[in-house]
Amino acid sequence: MEINRRAFIASLGGTAAVSLMDSEAKADALEHWMEEQLDEQVAANQAKFPTVAEIEAQIETRNYRRGAGSLFVSGRGNVKKLTPMPKNPTLENFFELRFAPANHVLQSATRALKTGMSEEVILACLLHDCVLNLIKPDHGWWGAQLFEPYIPEKSTFAIRYHQTLRFYPDADAGYEYPDQYFRIFGEDYKPPQHIEATYKMLRNHKWYMEPRLVTVNDLYAFDPNAKVSIDPFRDIIGRHFKQPKEGLGNDNSPSAHMWRTLANPDQPL
Ligand SMILES: [Fe+2]
Ligand SMILES: [Fe+2]
């Protein structure tokens, strides 16, 4: 804990009062003061998380639904005209023109790469939240569907279920419940029944660690100063992403329509 000397001395009545205290009394006073500061900090940290009811009360303060994908809602002011996609768009084109800046997923994948995880997990980290540009609720399931025709089964599994495992700490794997979830879901949030049932299924699944490792990398992926790029992942994409020659959206895959919506989110119908 950082000690604010001036505040501490003032709390004892100033330098004159402190000079009259013996060293044991000073040590006691400091310990007491630190305890109080810690309690205050804990209380302040708890106070900054809203309740589920408070989050619900915000719904009618917006002119959009909270679950709308980020391509559909501007953070501030009006949305901007998008650069058209090339004729046969690749995954990399989508990263550049629709998912950018994609800092969060690039940071997740960078961490997975640095810590020597499997290529399937690195790919899953790179793709795990891309679908948030389209839609936010159930993003694990939507994201898995978006990528399923093009990537290894293990990566799809990891993307689909990282959403569920984000709610469940696993100290052995190095994953704690994130403060961010207290903030966005409410401090008293309980995941719905289908998420609990999915978690139970995953605990006994031979691929449990695939989505778990996505959550482990997810946690550390919000560094605003990190410099990231897609370059280190070109080989992994080349080896594991089945890029359709007609381009994503033109390939008639089960998720081609999702790619078309990402390419043209201004279509009226
Ligand atoms: Fe996610
Ligand atoms: Fe994430």
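Everything discussed here concerns the structure shown above.
Thresholds applied
Each chain carries its own residue numbering, running from 1 in the written order of its sequence. Note on labels: chains are lettered from A, ligands numbered from 1, in written order. Given that this is a predicted model, residues contribute local features only at a pLDDT of at least 70 and side-chain atom pairs are listed and counted only at 80 or more, while totals for whole chains, interfaces and linings are drawn from all residues. Working from all heavy atoms in the structure, the side-chain values ignore hydrogens and water. Throughout this description, the term salt bridge denotes a Lys or Arg side-chain nitrogen within 4 Å of a carboxyl oxygen of Asp or Glu. Only DSSP runs of H or I reaching four residues or more are called helices, and only runs of E reaching two or more are called strands; each is numbered from the N terminus. A simple rule labels every residue: compare its accessible area, found with a 1.4 Å probe on the protein chains alone, to the largest value its type can have, and call it buried under 20%, exposed over 50%, or partly exposed in between. Think of it as the arc spanned by the lines of direction from the helix axis to the C-beta atoms. In what follows, a contact means two residues having at least one pair of non-hydrogen atoms within 4.5 Å. Two aromatic rings, drawn from Phe, Tyr or Trp (for Trp, its six-membered ring), form a pair once their centres lie within 6.5 Å of each other, and the interplanar angle then sorts them: stacked below 30 degrees, edge-to-face above 60, tilted otherwise. Grouping buried Ala, Val, Leu, Ile, Met, Phe, Trp, Tyr and Cys residues that are joined through side-chain atoms within 4.5 Å yields what is termed a nonpolar core. Here the coordinating atoms are restricted to nitrogen, oxygen and sulfur within 2.8 Å of the metal centre, or 3.2 Å for Na, K and Ca, and because water is not among them the sites may look incomplete.

Chemist: Just to check I follow, could you spell out the pattern of salt bridges for this structure?
Modeler: Between side chains of opposite charge, a pair can form when the charged atoms approach closely. Under the criterion given, the structure shown has seven salt bridges. Of the charged contacts in the structure, one is a salt bridge between Arg234 and Glu92, with a shortest N-O distance of 2.8 Å. With Arg234 in helix α13 (residues 234–240) and Glu92 in helix α5 (residues 91–97), this residue pair connects regions lying 142 residues apart in the sequence. Take Arg234: its relative accessible area is 39%, and that puts it in the partly exposed class. Of the residues examined, Glu92 reaches a relative accessible area of 30% and is grouped as partly exposed. Close ionic contact of Asp170 with Arg203 constitutes a salt bridge, the shortest N to O distance being 4.0 Å. Taken together, the positions of Asp170 in the loop between α9 (153–165) and α10 (179–185) and Arg203 in helix α11 (residues 193–203) put the pair 33 residues apart, joining distant regions of the chain. With relative accessibility at 8%, the residue Asp170 sits in the buried group. Salt bridges linked by common partners bring Glu92, Asp231 and Arg234 together as one network.

Chemist: How do you make sense of helix α14 (residues 256–263) when you look at a structure like this?
Modeler: Every α-helical turn comprises 3.6 residues, leaving residues that sit three or four positions apart pointing alike. Looking at α14, one finds that the buried residues are Ala256, Met258, Trp259, Leu262 and Ala263. Take α14 and look down its axis: the buried residues cluster within an arc of 160°, on one side only. Taken together, the buried residues of α14 touch α5 and α8 (139–147).

Chemist: Is there a simple way to think about the packing of aromatic side chains in this case?
Modeler: Counted according to the given criterion, the structure contains 19 aromatic pairs. Residues Phe94 and Phe99 carry aromatic rings whose centres are separated by 6.1 Å and whose planes lie at 35° to one another, so their mutual orientation is tilted. With a relative accessible area of 0%, Phe94 lands in the buried category. Residue class for Phe99 comes out buried when judged on its relative accessible area of 4%. Geometrically, the ring pair formed by Phe167 and Tyr189 is tilted, given 5.8 Å between the ring centres and 35° between the ring planes. Residue Phe167 is located in the loop between α9 and α10, and its partner Tyr189 is located in the loop between α10 and α11; the two are separated by 22 residues in the primary sequence. The exposure class assigned to Tyr189 is partly exposed, which follows from its relative accessible area of 25%. The rings of Phe49, Phe167, Tyr177, Tyr181, Phe182, Phe185 and Tyr189 are connected pair by pair, giving a single aromatic cluster.

Chemist: Mind showing me how you'd approach the nonpolar core here?
Modeler: Nonpolar side chains tend toward joint burial in soluble globular proteins. Core analysis: the biggest nonpolar cluster contains 40 residues, and Leu91, Phe95, Leu126, Leu127, Phe147 and Trp259 have the highest contact counts within it. Contributions of two or more residues to this core are made by α5, α6 (103–114), α7 (119–127), α8, α9, α13 and α14. Per-element tally for this core: the top contributor is α7, with seven residues. Not counting residues up to four positions away in its chain, the partners in contact with Phe95 are Ala100, Ala102, Val105, Leu126, Leu127, Cys130 and Ile230.

Chemist: Can you walk me through the coordination of the iron ion (ligand 1) in this structure?
Modeler: In a perfect tetrahedron of four donors around a metal, the angles come out at 109.5 degrees. In a perfect octahedron of six, they are 90 or 180 degrees. Every protein donor of the iron ion (ligand 1) is accounted for by Asp129 (OD), His139 (NE2) and His162 (NE2), and the metal-donor separations fall at 2.1 to 2.2 Å. Sequence spacing among the residues donating to the iron ion (ligand 1) works out to D-x9-H-x22-H. Metal-to-metal, the separation of the iron ion (ligand 1) and the iron ion (ligand 2) is 3.6 Å; Asp129 coordinates the two. Of the two residues, Asp129 is situated in the loop between α7 and α8 and His162 in helix α9; the sequence distance between them amounts to 33 residues. One exposure class covers both Asp129 and His162, and it is buried.

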